[in-house]
Amino acid sequence: MEKSSARWWDLPSAIFLFLAILFSAWRLQSTNWTDGLEHVRNVALLGLLVGLALGSSMYQKRGVTFLAISYMLVIFIWQWLGAIEFAKEESYLGDRLLILAGRLLLGLSEFSAGRPVKDPLFFIALLCIPYWFTALISGYQMTRHANALTAVLPGGILMFMIYIIHYTAHDYSWLFGAYLFVTLLFLGRQKYLVDRKKWGERRVQIPAESGMDFNNTIMTSAAILIVLVWMFPSTLPSNAQAREAWQETSKKWFPKNERFENVFAAAKQDNLPVSDFYRDNLPLGTQAKQSAAIAFLVYVPSSAMELPRLYWRGRVYDRFEDGRWLATGVRGVNYEPQNGDFEIPDTQN
């Protein structure tokens, strides 16, 4: 136990940090990759509370590490069990724990073997890990060391990664704006607390209403800054070279690989980070899934070589609405191999 050590507990700062972690977890939940993402959000918020408590405690690093691991195991098992639908005969905790362990081990073995893991529980369990440590470290760094940047940067990085990976026609930028707003409030509040402590050590007289005035100034400045940041990009002309440079950079940061796709095998097909073009609607910003695997084989008859052009058409979109292209009047026709060859239309008409 430490006999004397400064702690930086502050209720407004804790509220700002709680909102920041909540907005970061909400951005993940908005992807709707699979059912049960709310458990990842719960893990993040509980991790923050544990981090705040451990940072405020008098335990040294060894005790903090032991308690953090203990809380992590309890909270992980609690939330993972909540993500499983059990039958009535599986009411005993021991049976549920065995089912949980079996599903996680099966998912781990499938992932290790390089096969797609289609169990959403394994997908949720993997997502819980970075969000737990991000929130835990954020809370601990705030109350133990008053390290404001270390407290807010990890959550912002996770949010930015989800923004890059998740392509969608819906605008979730307001979540990022809300995160930046509470982050600025948190940074300003922490700066005030550090300066107030220095003023006290130097015996500087501080008016009682200085804290309220400082908070109002921070909120006003943060709101103005967020509005300016949101309005500034719309005044800039479009730059094709900058767009291409950003695409190349994002590809280097998040290269496509088979293991990454195996983890996302449990995600809903309509919400995958890489989506398929050949659907009735095409949101802007999506891209076709690329792979070296053979999709299908085509055997072209010799008579088709006389045609001016021969190609496969996936989908034709004829209507643009709400940021996406739509295919109207589409009529599907089922085809079976026993139906014979395709009839090639007359290219002269």
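The structure we're discussing is the one just above.
What comes next concerns the included structure. Keep in mind the model is a prediction, meaning the values are calculated, not measured. (Residues numbered from 1 in each chain as written. Predicted model: local features only at pLDDT ≥ 70, side-chain atom pairs only at ≥ 80, totals over all residues. Heavy atoms only, no water.)

Here we come to the pattern of salt bridges. Evaluation of the coordinates by the stated rule reveals two salt bridges. Among the ionic pairs, Arg-189 bridges to Asp-10, the shortest N-O distance being 2.9 Å. With a gap of 179 residues between them, Arg-189 in helix α7 (residues 173–201) and Asp-10 in the segment before α1 (11–29) connect regions that are remote in the sequence. Judged on exposure class, the residue Arg-189 and its partner Asp-10 are both buried. Note that Arg-103 and Asp-119 form a salt bridge whose closest N and O atoms lie 2.5 Å from each other. (Salt bridge = Lys/Arg side-chain N within 4 Å of Asp/Glu carboxyl O. Helix = DSSP H or I, 4+ residues; strand = E, 2+ residues; numbered from the N terminus. Buried < 20%, exposed > 50% of the residue type's maximum accessible area, 1.4 Å probe, protein only.)

Here we take up a nonpolar patch on the surface. A grouping of Leu-126, Ile-129, Phe-133 and Ile-137 is seen on the molecular surface, where their side chains present a nonpolar patch of about 300 Å² in accessible area. As for its placement among the helices and strands, Leu-126 is situated in helix α5 (residues 120–145). (Patch = residues over 30% accessible without salt bridge, like charges linked within 9 Å, V, L, I, M, F, W, Y side chains within 5 Å. Areas by Shrake-Rupley, 256 points an atom, 1.4 Å probe, with all protein chains shown as cover.)

Our focus in this paragraph is the environment of Ala-68. Locating Ala-68 in the fold gives a position in helix α3 (residues 61–82). According to the relative accessible area criterion, Ala-68 is buried, its value standing at 11%. Remark: the alpha-carbon pair of Ala-68 and Val-50, spanning 18 residues in sequence, is separated by 7.4 Å. Setting aside its immediate chain neighbours within four residues, Ala-68 contacts Leu-54, Trp-132 and Leu-136. (Contact = heavy atoms within 4.5 Å.)

Attention shifts here to the packing of α3 against α5. Axis separation between α3 and α5 bottoms out at 11 Å; the angle between their running directions is 145°. Relative to α5, α3 is oriented so that their crossing is right-handed. Only Leu-121, Ala-125, Cys-128, Ile-129, Trp-132, Phe-133, Leu-136, Tyr-140 and Arg-144 of α5 make contact with α3, whose side of the interface consists of Val-64, Ala-68, Tyr-71, Met-72, Ile-75, Phe-76 and Trp-80. (Axes fitted to C-alpha atoms, helices over the stretch in contact; angles between N-to-C directions. Left-handed = near helix turned anticlockwise from the far one by under 90°.)

Scanning all chains against the criterion turns up five aromatic pairs. A centroid spacing of 5.0 Å and a plane angle of 40° characterise the contact between Phe-76 and Trp-80, whose relative ring orientation is tilted. Of the two residues, Phe-76 and Trp-80 are both situated in helix α3; the distance of four residues between them amounts to about one turn of the helix. A relative accessible area of 6% places Phe-76 in the buried class. With a centroid separation of 5.8 Å and 75° between ring planes, the pair formed by Phe-76 and Trp-132 is classed as edge-to-face. Taken together, the residues span a long stretch of sequence, with Phe-76 in helix α3 and Trp-132 in helix α5 at a distance of 56 residues. The rings of Phe-76, Trp-80 and Trp-132 are connected pair by pair, giving a single aromatic cluster. (Phe/Tyr/Trp six-rings, centres within 6.5 Å; stacked < 30°, edge-to-face > 60°.)

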